[in-house]
Amino acid sequence: MIWHPRHMDPELKSRWPGAAMRFLALRLLPGDDLRSALDLAFRAEREHAGFVVACVGSLSKVCLRPAGLDTPMALEVTLEIVSLSGTFSENGPHLHISVSDSKGTMLGGHLLEGSIVRTTAEVVIGLAPVHFRRMVDPRTGYPELHFD
């Protein structure tokens, strides 16, 4: 079957007016834990939904969980943040990161606590006037994003 918007379950999408958005710009310092700092910054805001708009920076250590693995991976080496994407909710963040080393070798996965900023991390978070929650979806067996 070819996907068409009319086939989408109404519970799988949410809309809000762009004028209702707010943005939070952060610059994290050397030694800050990237995931923890972003979670704390989001929780200090009044909104219940957020998402990463942009991120650039570097890490001296990354802790992540690669796709399909249950065991976390930690790497202590100079790394550039190539991308960071994800959502923030009252249930905590769901963030994916890609980093590259001095040879350009890339690594990515779920961002975990223990990922330490090396020089800076400049992050913009979009804050939305909706509620994001994580609820177990019987179709996947995982806590997935739910809107209300």
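The numbering scheme is per chain: residues are counted from 1 as the chain's sequence reads. Only residues with pLDDT of at least 70 get local features here, since the model is predicted, and only at 80 or more are side-chain atom pairs given and counted; chain-wide, interface and lining totals rely on the full set of residues. Hydrogens and water molecules were not included; the side-chain quantities draw on all heavy atoms of the structure.

1. Focus on the pairing of strand β4 (residues 92–100)
Thinking step 1. In this scheme, a residue with accessible area under 20% of its type's maximum is buried, one over 50% is exposed, and one in between is partly exposed, where area comes from a 1.4 Å probe on protein chains only. Numbering of helices and strands runs from the N terminus, with a helix taken as a DSSP run of H or I at least four residues long and a strand as a DSSP run of E at least two residues long. Summarising burial for β4: 7 of the 9 residues are buried, a large majority.
Thinking step 2. By the bridge criterion, 9 bridges tie strand β3 (residues 73–89) to β4 in an arrangement that is antiparallel. If you follow T87 over to β4, its bridge partner there is H94.
Thinking step 3. Between any two strands, at least two bridges found by DSSP are needed for them to pair. Between the end of β3 and the start of β4, which pair antiparallel, lie 2 residues.
Thinking step 4. Relative to strand β5 (residues 106–111), β4 is paired through 5 bridges, and the arrangement is antiparallel. Directly across from S98, in β5, lies its bridge partner G108.
Thinking step 5. Once β4 ends, the chain turns through 5 residues before running back antiparallel as β5, passing G104 with a positive phi of about 85 degrees.

2. Points about the nonpolar core
Thinking step 1. To form a nonpolar core, buried Ala, Val, Leu, Ile, Met, Phe, Trp, Tyr and Cys residues must be joined to one another through side-chain atoms within 4.5 Å. Of all hydrophobic cores here, the largest spans 25 residues; its most connected members are L34, L38, L59, L84, I97 and I125.
Thinking step 2. Of all the secondary-structure elements, those providing two or more residues to this core are β1 (22–28), α1 (34–43), β2 (49–65), β3, β4 and β6 (116–128).
Thinking step 3. With near-sequence residues (within four places) excluded, L59 lies in contact with L34, V77, T78, L79, I81, I97, V99, S115, I116, V117 and R118.
Thinking step 4. Grouped together as the second largest cluster of nonpolar side chains are 5 residues, M21, A128, V130 and F132 included. By definition in these notes, contact holds between two residues if any of their heavy atoms fall within 4.5 Å.

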